Structures are given as structure tokens and as C-alpha cells.
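Breakdown of the fold
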Amino acid sequence: MKLEILGCSGGIGKGLKTTTFLVDGELLIDAGTGIELLDMAQMLAIRHLVISHAHIDHIAGLPLMLATIYDAHQHPIDVYALPEVTQALREHIFNWTLWPDYTQLPEQAPILRLHEIRVGEQIELAGKRITALPAHHPTPTVGYLINDGQASFAFSGDNGVNPALWPILNRAKPELLIIDVSFTDDVQELATLSGHLTPSQLADELAQFSHDCPIRITHLKPGFEQQIIDRCRQLVPDRPIQALLHGETIDF
Ligand SMILES: [Zn+2]
Ligand SMILES: [Zn+2]
């Protein structure tokens with residue numbers, strides 16, 4: 001399995017894109033501004049998209065990508081998300097005001113097909129078994145566990161303190177955990193309100209994780225990346241913790 005990190009920042013700016021992961025060239029996990037790194041052929045190769053939640057940093061690339069590939073596309077794109085998220089996309093993005101309703105275009109075979117997935121549900125896409133993981137965030141959110149039969153990785157989604165996650169990951173024993181730590185400890189209240197972890201909270205969360213695997217931090221707030229990573233490593237010295245990096249490819 002090949003995982004390409006197109007975007008993993010909590011913001012934008014030179015060299016920074018928001019959450020967009022590409023698996024084996026055809027399965028997207030979230031469609032943030034990282035979509036911009038793909039050329040036309042790469043966008044046309046995408047068949048499936050699983051979305052963690054409706055926040056704009058995780059979906060901004062989708063309407064723009066659909067418009068870009070519309071004339072050349074041969075296959076629809078199947079998008080999976082919580083019912084609240086597909087509803088939000090219909091109401092707030094693909095509503096003919098912000099953007100055309102691509103669930104209706106082209107009329108005979110629309111390019112966008114929205115499917116609902118629920119927490120705990122498993123689906124098979126692109127040869128992967130995908131499980132929707134519980135996540136704690138101010139809007140309905142899931143993480144995802146992706147397993148190709150040989151290896152698996154877990155992505156927390158945007159996520160705060162979430163005791164429900166750990167029993168699942170303790171059983172799944174993924175080869176990699178990608179987890180959201182957006183804020184420094186000194187803005188704990190803001191982190192809690194916005195449903196993201198701080199380094200101290202990460203330490204508490206990882207105390208419930210009995211499996212040993214590489215841990216990569218995502219959604220870091222621009223300008224605070226090193227400070228957050230240093231603090232995570234200081235608080236959890238016995239775990240292999242690193243920042244997730246833009247443009248990197250992880251092979252399993
Ligand atoms: Zn969010
Ligand atoms: Zn986000």
C-alpha cells in the first residue's frame with residue numbers, strides 16, 4: 001500500500017496544504033487543498049473519496065477537482081461520509097449557489113455519487129477494507145482505518161479526547177497511526193472547544209494505546225509545528241513520534 005501525503009497542515013501558506021491523503025493513486029482520504037498537487041491524469045485516476053467531516057479544510061478540493069476533471073472524466077467519483085456530511089455537501093456546497101450540483105451532472109451519469117457511512121461500519125473500496133472510526137469533534141466526524149489485507153493504518157480524523165478510539169485500535173494493531181495534535185498546551189481551552197488534541201492530551205490518550213507503532217502527528221497549527229512536536233516527544237519519550245510531512249510517501 002502506498003500512502004501519499006498531499007496535505008497535512010492545520011492551515012495554508014507556502015508549502016502547506018490541508019488534509020488530503022492519497023492511497024494507491026485511486027482512493028482519497030479527505031479532499032483539502034492538497035488536491036492542488038495532483039495533475040489532471042492523477043485527478044482522473046481517483047475513483048473513491050472517504051471524508052472525515054464537513055469542515056472546509058477537508059473538503060475544499062472536492063468541488064474544484066470535479067469542475068477541473070468534468071470534461072475529461074470517464075467514471076463517477078464515489079464519495080463516502082457520515083449522513084450529516086453528505087447532507088452538508090448537498091445543502092452548502094453543491095447547491096447551485098456556491099457550486100453546481102454535481103450529483104445531477106451530467107444528467108445521464110452524474111460525476112459525483114454520495115454514499116453514507118456510519119461509525120463502526122466497514123466498506124470495501126479499491127481493494128481496501130475501510131472502517132469508520134469514532135472521532136470527537138464539534139461537527140459529526142469519523143476517522144478511518146484502512147487495511148489492504150497486508151498492512152493497515154489509522155487516521156484519527158480531526159479529533160480531541162476520544163476514549164472510544166483506543167479499544168478499537170488496540171484490537172486492530174495498525175502499522176501506523178496518524179493523529180491530530182493541532183495546538184500547544186497553553187491554548188488547552190481552545191483545543192478542547194475546537195475538538196483537537198494538545199501534546200499533554202496526546203500523552204493521556206496514548207497511555208490507553210497498548211500497541212506499539214509509528215505515530216505521525218497531523219493538522220499542526222502553522223508556526224507552531226516544531227514546538228508541538230518537541231513537546232509531544234518530551235511527554236511521550238518512549239514512542240516513535242514524528243510530524244507527518246507534506247509530499248512524503250509512506251510505503252507499507
Ligand atoms: Zn475539523
Ligand atoms: Zn481540519
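Turning to the overall build of the protein chain, a few remarks are in order. Summing up its helical and strand segments, the protein chain has eight helices and 14 strands in all. Taking 2.2 N^0.38 as the reference for a compact globule, 252 residues should give roughly 18 Å; the C-alpha atoms of the protein chain span a radius of gyration of 17 Å, in line with that estimate. Taken over the C-alpha atoms alone, the protein chain extends approximately 55 × 35 × 30 Å along its principal axes. Every one of the 252 residues in the protein chain was classed for burial, and the buried ones make up 54%. Considering only residue pairs separated by 6 or more positions, the protein chain has 58% of its internal contacts joining residues 24 or more positions apart. When the accessible surface of the protein chain is summed, it comes to about 11000 Å², and 52% of that surface belongs to carbon and sulfur atoms. Considering the protein chain, the positive charge centre built from 16 side chains and the negative charge centre built from 31 side chains are found 4 Å apart.

With that settled, the discussion passes to the environment of G223. Inspection of the secondary structure assignment puts G223 in the loop between β12 (215–218) and α8 (225–235). Of the residues examined, G223 reaches a relative accessible area of 67% and is grouped as exposed. In this structure the C-alpha to C-alpha distance between G223 and G11, which are 212 residues apart in sequence, comes to 9.7 Å.

Quick look at the sheet that holds strand β3 (residues 27–29) now. Read from one edge of the open sheet, seven strands run β6-β5-β4-β3-β2-β1-β14, paired in mixed fashion. Unpaired on one side and paired on the other, β6 (112–116) and β14 (249–251) mark the two borders of the sheet. Here the average twist between neighbouring strands, direction ignored, is 20 degrees. Where strand β1 (residues 2–7) lies against strand β2 (residues 20–23), four bridges are found, and the strand directions are antiparallel. Bridging from a neighbouring strand, I5 pairs with F21 of β2.

Calculation notes
Residues numbered from 1 in each chain as written. Chains lettered and ligands numbered in written order. Predicted model: local features only at pLDDT ≥ 70, side-chain atom pairs only at ≥ 80, totals over all residues. Heavy atoms only, no water. Helix = DSSP H or I, 4+ residues; strand = E, 2+ residues; numbered from the N terminus. Rg over C-alpha atoms; globule rule 2.2 N^0.38 Å. Buried < 20%, exposed > 50% of the residue type's maximum accessible area, 1.4 Å probe, protein only. Contact = heavy atoms within 4.5 Å. Areas by Shrake-Rupley, 256 points an atom, 1.4 Å probe, with all protein chains shown as cover. Lys, Arg positive; Asp, Glu negative; His and termini not counted. Charge placed at Lys NZ, Arg CZ, Asp CG, Glu CD. Pairing = 2+ DSSP bridges. Axes fitted to C-alpha atoms, helices over the stretch in contact; angles between N-to-C directions.

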